[in-house]
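The primary structure of each chain is shown beneath.
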Amino acid sequence: MARLDGAAMTDVDGVFAQFSDALRFPGYFGWNWPALADCLTDLQWLPAHRYLVLVENASLILRESESRREVLFGILAEAGRHWADSYDARYRGRGPFFLAVLWCEEGEVEVLRREVEAASRR
């Protein structure tokens with residue numbers, strides 16, 4: 001399980017730092033969107049059958065940049081699809097390999113849900 005803080009993810013560098021620190025990205029992490037996507041679909045340096053990424057204060061993530069927020073949510077959705085597609089039959093019924101949970105206040109759920117769904121379709 002990796003625990004991230006959306007309050008520390010108000011800019012792109014904060015997003016990359018939170019993911020890099022929480023998931024102990026390797027030194028070759030390139031601090032850009034493609035590198036984040038690559039690392040989230042690799043994770044070979046953290047061998048596990050399941051990965052849970054919990055982002056607290058999720059409504060604060062990149063709150064000043066809707067387009068970058070959409071990129072991040074799209075990357076998280078793609079990582080989930082990647083791990084689901086590579087799912088080993090031995091673990092069926094025990095949950096996905098990769099799950100990102102965006103934790104927020106109750107009044108913020110619908111806005112985040114719409115943004116994640118829109119980003120997931122791209």
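Details of the structure are given in the entry above.
This section reports on the structure supplied with the text. Just so you know, the residues in each chain are numbered from 1, in the order the chain's sequence is written. Per-residue local features are limited, in this predicted model, to residues with pLDDT of at least 70; the limit for side-chain atom pairs, both in listing and counting, is 80 or more; totals at the level of whole chains, interfaces and linings are taken over all residues. The basis for every side-chain value is the complete set of heavy atoms in the structure, and neither hydrogens nor water enter the calculation.

Focus: the overall build of the protein
- For the purposes of this entry, the term helix denotes a DSSP run of H or I that reaches at least four residues, the term strand denotes a run of E that reaches at least two, and both are numbered from the N terminus. Summing up its helical and strand segments, the protein has 4 helices and 3 strands in all.
- For the protein, the sequential pattern of α-helices and β-strands runs β-α-α-β-α-β-α.
- We compute the radius of gyration over the C-alpha atoms and compare it with the globule rule, which gives 2.2 Å times the number of residues raised to the power 0.38. Here the C-alpha radius of gyration of the protein, 14 Å, is about what a compact globule of 122 residues would show, namely 14 Å.
- With respect to the principal axes defined by its C-alpha atoms, the protein has extents near 40 × 35 × 25 Å.
- Burial classes: relative accessible area under 20% of the type maximum marks a residue as buried, over 50% as exposed, and values in between as partly exposed (1.4 Å probe, protein chains only). When each of the 122 residues of the protein is scored for burial, the buried share is 39%.
- Between two residues, a contact is recorded if the distance between any of their heavy atoms is within 4.5 Å. Pairs at least 24 residues apart make up 59% of the contacts formed inside the protein by residues separated by at least 6 positions.
- Here the accessible surface of atoms and residues is derived via Shrake-Rupley with a 1.4 Å probe, and residues count as covered only by protein chains that are part of the display. Per element, the accessible surface of the protein, about 7200 Å² overall, is 49% carbon and sulfur.

Structural notes on the side chain of Gln 18
- With respect to the secondary-structure elements, Gln 18 resides in helix α1 (residues 12–22).
- Of the polar contacts made by the side chain of Gln 18, one reaches the backbone nitrogen of Asp 5; its length is 2.7 Å.
- In this structure, Gln 18 is in contact with Leu 4, Asp 5, Ala 8 and Met 9, ignoring residues within four places of it in sequence. Pairs of N or O atoms are called polar contacts if they sit within 3.5 Å, as long as, within protein, a hydrogen donor faces a hydrogen acceptor (for residues adjacent in sequence, only side-chain-to-side-chain pairs).

Some words on the nonpolar core
- Phe 19, Leu 36, Leu 40 and Leu 72 are the most contacted members of the largest nonpolar core, which has 34 residues in total.
- Breaking this core down by element, the ones donating at least two residues are β1 (2–5), α1, α2 (33–40), β2 (51–56), α3 (66–85) and α4 (109–120).
- Residue contributions to this core peak at 6 residues, all from α3. For our purposes a nonpolar core is just a set of buried Ala, Val, Leu, Ile, Met, Phe, Trp, Tyr and Cys residues, chained together by side-chain atoms within 4.5 Å.

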